[in-house]
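Reading the structure
Letter by letter, the chains look like this.
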Amino acid sequence: TGRGYPDVSALGGTKTPYCVVSSGIFSGVAGTSASSPVVAGIFARLNGLRFAAGKPPMGFLNPLIYANPSAFQDVTTGKNGGGFRPKLGFNAVKGWDPATGWGTPN
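Residues numbered from 1 in each chain as written. Predicted model: local features only at pLDDT ≥ 70, side-chain atom pairs only at ≥ 80, totals over all residues. Heavy atoms only, no water.

**A look at a nonpolar patch on the surface**
The criterion, for reference: Like-charged residues are merged into a patch within 9 Å and nonpolar side chains (Val, Leu, Ile, Met, Phe, Trp, Tyr) within 5 Å, provided each residue has over 30% relative accessible area and no salt bridge. We get accessible surface area from the Shrake-Rupley algorithm with a probe of 1.4 Å; when it comes to residues, only the shown protein chains can shield them. Each reported salt bridge corresponds to a side-chain nitrogen of Lys or Arg within 4 Å of a carboxyl oxygen of Asp or Glu. Residue burial is assigned from relative accessible area. The probe radius is 1.4 Å, only protein chains are included, and a residue is buried under 20% of its type maximum, exposed over 50%, and partly exposed in between.
A cluster of nonpolar side chains, Tyr5, Tyr66, Phe90 and Trp96, forms an exposed patch at the surface whose accessible area comes to about 370 Å². Owing to a relative accessible area of 31%, tryptophan 96 belongs among the partly exposed residues under this scheme.

Encoded structure:
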């Protein structure tokens, strides 16, 4: 679709990186490569809880996300960067925004 905007967000870890182990070596990772697996893990955990309760998986998440914005902690400050052009990007504001989507899962 060419979409380039987030539906939800998570800490990117740029100030406090996520700790990972690869080949026995600890290191820190940050950015989308760190936060995307965090969000995926949260939804996988929720699906696991649903399965344990005899409920079906959530399936395609976008309708669920947009129908339940109160399930997310709204991020109202900050800005996503423009890469090598730091003046570009979007500001976080109240409600959905192109920097943080609906925010972080509660």
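**Let's talk about the nonpolar core**
Buried together is how nonpolar side chains tend to be arranged in soluble globular proteins. Counted only if it meets this: We define the nonpolar core as a collection of buried residues of types Ala, Val, Leu, Ile, Met, Phe, Trp, Tyr and Cys that are connected through side-chain atoms lying within 4.5 Å of one another. Whether two residues are in contact is decided by their heavy atoms: any pair within 4.5 Å suffices.
Of all hydrophobic cores here, the largest spans six residues; its members are Val8, Val39, Phe43, Ile65, Phe72 and Trp102. Ignoring any residue separated from it by four or fewer positions in sequence, one finds isoleucine 65 in contact with Asp7, Val8, Phe43, Phe72 and Trp102.

**Considerations on the environment of leucine 46**
Heads up, the condition is: Put simply, DSSP marks the helices as runs of H or I at least four residues long and the strands as runs of E at least two long, and each gets a number from the N terminus on.
Note that leucine 46 resides in helix α1 (residues 32-52). Residue classification places leucine 46 among the partly exposed positions, given a relative accessible area of 35%. Leucine 46 sits 29 residues away from valine 75 along the chain, and the two C-alpha atoms are 21 Å apart.

**Here's the deal with the layout of surface pockets**
For clarity, the cut-off: Cavity: a set of points on a 1 Å grid over the protein atoms alone where a 1.4 Å probe fits but cannot get out. Pocket: an open set with protein on both sides within 12 Å along at least five of seven lines, its lining residues, like those of a cavity, having an atom within 4 Å of a point. Grid points are joined across faces, edges and corners, and a volume is the space filled by probe spheres set on the points. Only Asp, Glu, Lys and Arg are considered charged, only Ala, Val, Leu, Ile, Met, Phe, Trp, Tyr, Cys and Pro nonpolar, and every remaining residue, Gly among them, polar.
Put simply, the largest pocket is a space of about 690 Å³. Surrounding the largest pocket, 22 residues form its lining, Ser9, Ala10, Gly12, Ala99 and Thr100 being those nearest its centre. For the lining of the largest pocket, the element with the highest residue contribution is α1, accounting for four residues. A class-by-class count of the residues in the lining of the largest pocket yields eight nonpolar, 13 polar and one charged. The computed volume of the second largest pocket comes to approximately 150 Å³. For the lining of the second largest pocket, the element with the highest residue contribution is α1, accounting for three residues. Split by residue class, the lining of the second largest pocket holds nine nonpolar, two polar and no charged.

**Observations concerning unusual backbone geometry**
Most peptide bonds take the trans form, and the phi angle of most residues other than glycine is negative. With a phi angle near 55 degrees, serine 23 is a residue other than glycine that sits in the positive phi range. Looking at where serine 23 falls in the secondary structure, it is placed in the loop between β1 (18-22) and β2 (25-29).

**A look at the side chain of aspartate 7**
Counted only if it meets this: Residues adjacent in sequence count toward polar contacts only when both atoms are side-chain atoms; beyond that, a polar contact is any pair of N or O atoms within 3.5 Å, and within protein one must be able to donate a hydrogen and the other to accept it.
Mapped onto the elements, aspartate 7 comes out in the segment before β1. A polar contact of 2.5 Å, which involves the side chain of aspartate 7, links it to the side chain of tyrosine 66. When neighbours within four sequence positions are excluded, aspartate 7 is seen to be in contact with Asn62, Ile65, Tyr66, Gly101 and Trp102.

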